[in-house]
Every structure is written in structure tokens, then in C-alpha cells.
Number of protein chains: 2
Amino acid sequence: MKQWISEVQSEDLELRFSVDSIVHSENSEFQNILIADTVEYGRMLLLDGAVMTTVKDEFVYHEMITHVPLNVHPMPKKVAVIGGGDGGVIREILKHESVLEAVLIEIDEGVVRASQKYLPEISCALSDERVTILFEDGIEYLKNTENEFDVIIIDSTDPIGPAEGLFSKEFYESVFRALTTDGVFAAQTESPFLNREFIKAVYASISSIFPIAGLYLASIPTYPSGLWSFAIGSKIYDVTRPHCRHTVDGIATKYYTQNLHEAAFVLPRFVEELTIKK
Amino acid sequence: MKQWISEVQSEDLELRFSVDSIVHSENSEFQNILIADTVEYGRMLLLDGAVMTTVKDEFVYHEMITHVPLNVHPMPKKVAVIGGGDGGVIREILKHESVLEAVLIEIDEGVVRASQKYLPEISCALSDERVTILFEDGIEYLKNTENEFDVIIIDSTDPIGPAEGLFSKEFYESVFRALTTDGVFAAQTESPFLNREFIKAVYASISSIFPIAGLYLASIPTYPSGLWSFAIGSKIYDVTRPHCRHTVDGIATKYYTQNLHEAAFVLPRFVEELTIKK
């Protein structure tokens, strides 16, 4: 008999993966951390039963949440990641030679420890000397930070439980203050098929705070509906294209390209509607 | 207890939908035809257990397989659909005012009958006077057709069972011959995450026959991996942009837009690789 794990995507929708073995399971202070070897998508990290990342498709999420904001900014030197304890975003950030310092603010030390032990392909850059890891609440951290980061990336779980506050207008206001005068931020913002009202509200908040806002898409097979949205806010730079095409071409990627950066902002009509003020 | 149906996407991957009721089930000469009311995606058509279409997300597939080739051609008058018994492609084709005649060649009469009875939102245009329905083998039909259609759309099931022959080089050669001298064709070509070698082979066949070939993508939540590819072949027109932007804007869509037509051809790097001759 095969062993399976199910992701309960909603009350009425489940994605089931056959599993070779359960590698790790623990209940941290904040959530259940599960790592399993799936046959179809390789090693997988789940938090409270929701798929966070898999070895086979992680490149899409990590490249798209990172290289879009980091290529919008012409010279990102200091970058913060809120959440992102698996280290995938940090790994992508450090591909940018301009980056001198990356600060990871992850509330759950257990996620970092488990990823370092069991997901080396993803967490490999966490030990880089340019990286500082803080096990703190990202909301509190950014409240006390001003004019500090060129780019901030919100690599959070879904907007329920510990991550709920990471989608509030007050939080985006702290993000704005924590950014330098030409700063850029990006955040994962759920599925345009399944979370339409949520995306509309988040996008409205962001565009009320940032002079330039955008919504872009990427295809992530292990996330509900397979289509995922990201919001981006910028103080001065156009978000829809990479600042310097030369730099972009020098970064090894499997999903992101300079042309794809632009194309990711071209939205299907039913998604475009979510960004239009009425 | 809730009732569920599972789509077995591979031996190691299943997508499960909770179901209010099973509306229809029959074994036709060719396959099992199942129609069920799912909670998350509305009414759903499955053939031999594979999800063909759902009321909630059908717009993506039907718009993208239709409006891309029909907008590449400047004046499509006569159009053929191979497969497509649910009628969704026909419905989209008839939104183009230039179209005088649409011929549906569907091998399984059962699919058309069940769709007409239970999926009126999708099949509604099958009774239009511009439409001819032939219950025949599309492969045989095109073998005996020459210089006849401005556009041919291959709306097939997966390349196993009855549809296998619809992905062979010989078949694409008949498609080429059946098209007028400036003809265009498009076909669904599976998931770039799960069917990489298949797409590479199909794309190589098409580009060896058609002077202009392209691969484009759309996000379909109920298809395996959520990301779907379409191949397009053209005798003389550039496929990556709509011929006449004015016409495009006049067609009611939920996914397709003139900008999205172009963006759909901008491929993530791991998909772009499938189209490069080595």
C-alpha cells in the first residue's frame, strides 16, 4: 500500500501526493513542521498541512518573489526577508552581486533548523557571511526600523494564523517606512482563482501607500489552483521591467528571464479586474 | 459524509473534488463520460476519469485555444475543430464575426449529447446555424481534406487512447494540407511541468512542418500542475501577436486580451528550453 499525504486546499478540494517516507515531523511553538519525500515533487515542506515548497517546483516561487523586486531596484545592497525560513529567497537574493547584507526575520526557529537539516538545496545560503538570521516577529521588527532596506520581501504563509498580520495596511505602512527612499517590496498574495476578494483588498492597501504598485503572476503546481500572485510596491521605480537587463542575464535561473519579468505583469482579464479602482 | 471524485493525475498525484451529485455517467463506444457537480469548480465533465472542463475555469482553456489562432489569422472564415465535443471552442469561435462556417469533427457522439443536455453554458453555440457537427474520426476526415480551412483547432483529450494519433507527425502533415495557403492551427499540448519530453517532440514535429511555430501557456487550475501548453503552427503569419487589435477588443473574454496574447508566448526559461533545437 502506498502512503499518501493530502493538502486540504479548501473544504472541497484536496491535492494528494504519494510519499516514499516522512522525513521529519515536529510541533514548534507556532505550527506543525512536516518534511516528506513525495514521489512526484521530491522532498516537500509543509507547515500546518499547507505545502510551502518542494524540491521540484520551488524554483518558481523563490525566483519570482526575489528577482522581480531585486531587478526593479538598480542597486540593492541591503535586503530583508520576513518569513522565508526555508532559505530559498535568501539563496536567490545572494545571486545579486550588489547585495552586501541580507537579514532574515523568521518567527519560527524550527523552520530554519529543519530546512538546514533536511532541505540543503534550498537552505544552502543561510550560512553565507552576508546573512543575518533573527528569530523574531517580523511585524515588531519592522515597526522599529526606518529607512534601512533597499528591498523587503514578505515570504509568508497563508493569511491565517501567525501570518495574518503580514497582510494588514498597518504592516505595509511599516514596510514603507523601513525602506530607503527608493525602496521596493514584494509579497506573496495567494491565488487569483481562489482568493479574489483577498487580493483585491491587499492590492488596494498597497496602492494607497506606495506611489507605484503592481501585481504579477507565476505558475506553481503545488500551490492551490497552480496560479499564484505577488504584489509589489515601489517608491520611485517602474516595477514592470528589470532596471538593468545586463545584470539580469548574468543570474542563473530556471523560470525568471528579463522578458518574463515584463510578461508576468500582463494579467488575464479576470485578474486585471482585481487591480482596478472602482 | 461528503462524496468525492479523484482525478488520478499520475500514479503519485491525485486532485480530489467534493461533489454535490453525479449528474450523468455512461460508457460510450469510446470512453466513460462522467458529469458531476463539484462544490469548488461547479459542474465538471470527465472523460475516462480525466477532467476535461468545469463551469468555473473552462473560460481559460476555451478562450486561449481559440482566440490565439483566430486572432493570428486576419480574416478566418472557415474553421474546423477536431474533438471539442463539449462545444466550448465552437462558442468562442462564433464570437468572431468573420467566421461563416465552423465544422466540429468529434469521434464520440456521446460527448456532444451529454454536453448539450447537461452543460448548456458551454455547449450553447452547437445549435448555431453556422455550425456543422460530424461524428467522425478527425484523423480520417483531415486525410481527405485539402486547402479548406483558415484555422484548425485540435481540442483533444490526453495523448493516450482515442486521441493518440492526434499528436503524430503524419497527422500534423494532414493538418497542414487541410489548411488554406495562409492557414493557422493550434492544439493543446499538455503540462510543461509533467510532460516535458512529449512537448519537446510535438513542438519539433510542428516546427518541421510549419514555417512558423510557437508554444504558449495558460493557467488552468483543474488540469495537472495548473499550467498548460498550446502549440501553434502558421503558414505565413507571425503567431505571437494578434493581427488586428481593433477586432480583438470587441470580443467579450475573461482571460484573453491583446496584451495577454503576446505575453502568453513569453516562456519561463524551463519551458523555453523545450522549443530550442539542439
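Right, let's walk through the structure included here. Just so you know, these numbers come straight off a predicted model, no measurement behind them.

1. Side note on the packing of helix α6 (residues 169-178) of chain A against helix α7 (residues 196-209) of chain A
Residue and element names in this part refer to chain A. Axis separation between α6 and α7 bottoms out at 10 Å; the angle between their running directions is 35°. Crossing handedness for the pair α6 and α7: right-handed. In this structure, α6 uses Lys169, Tyr172, Glu173 and Phe176 to contact α7, whose residues at the interface are Val202, Ser205, Ile206, Ser208 and Ile209. The class makeup of the residues in the contact of α6 with α7 is 5 nonpolar, 2 polar and 2 charged.

2. A few points about the interface of chain B and chain A
Facing 38 residues of chain B, the contacting portion of chain A comprises 38 residues. When chain B packs against chain A, close to 3,400 Å² is buried across both sides, 58% of that on carbon and sulfur atoms. Looking only at chain B, the three residues that lose the most surface to chain A are Asp12(B), Phe193(B) and Arg269(B), adding up to 19% of its buried area. One can count 4 salt bridges joining chain B with chain A. Between Asp12(A) and Lys2(B) there is a salt bridge, and its shortest N-O distance comes to 2.9 Å. Joining chain B to chain A, the criterion identifies 18 residue pairs in polar contact (both at pLDDT 80 or more). Of all elements in the fold, only β1 (3-10), β2 (13-27), α1 (58-72), α9 (258-263) and α10 (269-272) of chain B reach the threshold of two or more residues within the side of chain B that touches chain A.

3. Examining α6(A)
Residue and element names in this part refer to chain A. If you check which residues of α6 are buried, you get Phe171, Tyr172, Ser174, Val175 and Ala178. Along the axis of α6, the buried residues cluster in a sector spanning 155°; they form a single face. Structurally, α6 contributes buried residues whose contacts are with β6 (78-83), α5 (138-143), β9 (149-155), β10 (179-188) and α7.

Conventions adopted
- Residues numbered from 1 in each chain as written.
- Chains lettered and ligands numbered in written order.
- Predicted model: local features only at pLDDT ≥ 70, side-chain atom pairs only at ≥ 80, totals over all residues.
- Heavy atoms only, no water.
- Axes fitted to C-alpha atoms, helices over the stretch in contact; angles between N-to-C directions.
- Helix = DSSP H or I, 4+ residues; strand = E, 2+ residues; numbered from the N terminus.
- Left-handed = near helix turned anticlockwise from the far one by under 90°.
- Contact = heavy atoms within 4.5 Å.
- Nonpolar A, V, L, I, M, F, W, Y, C, P; charged D, E, K, R; others polar.
- Buried area = accessible area lost by both parts, 1.4 Å probe.
- Salt bridge = Lys/Arg side-chain N within 4 Å of Asp/Glu carboxyl O.
- Polar contact = N/O pair within 3.5 Å; in protein donor to acceptor, adjacent residues only side chain to side chain.
- Buried < 20%, exposed > 50% of the residue type's maximum accessible area, 1.4 Å probe, protein only.
- Arc of directions from axis to C-beta.

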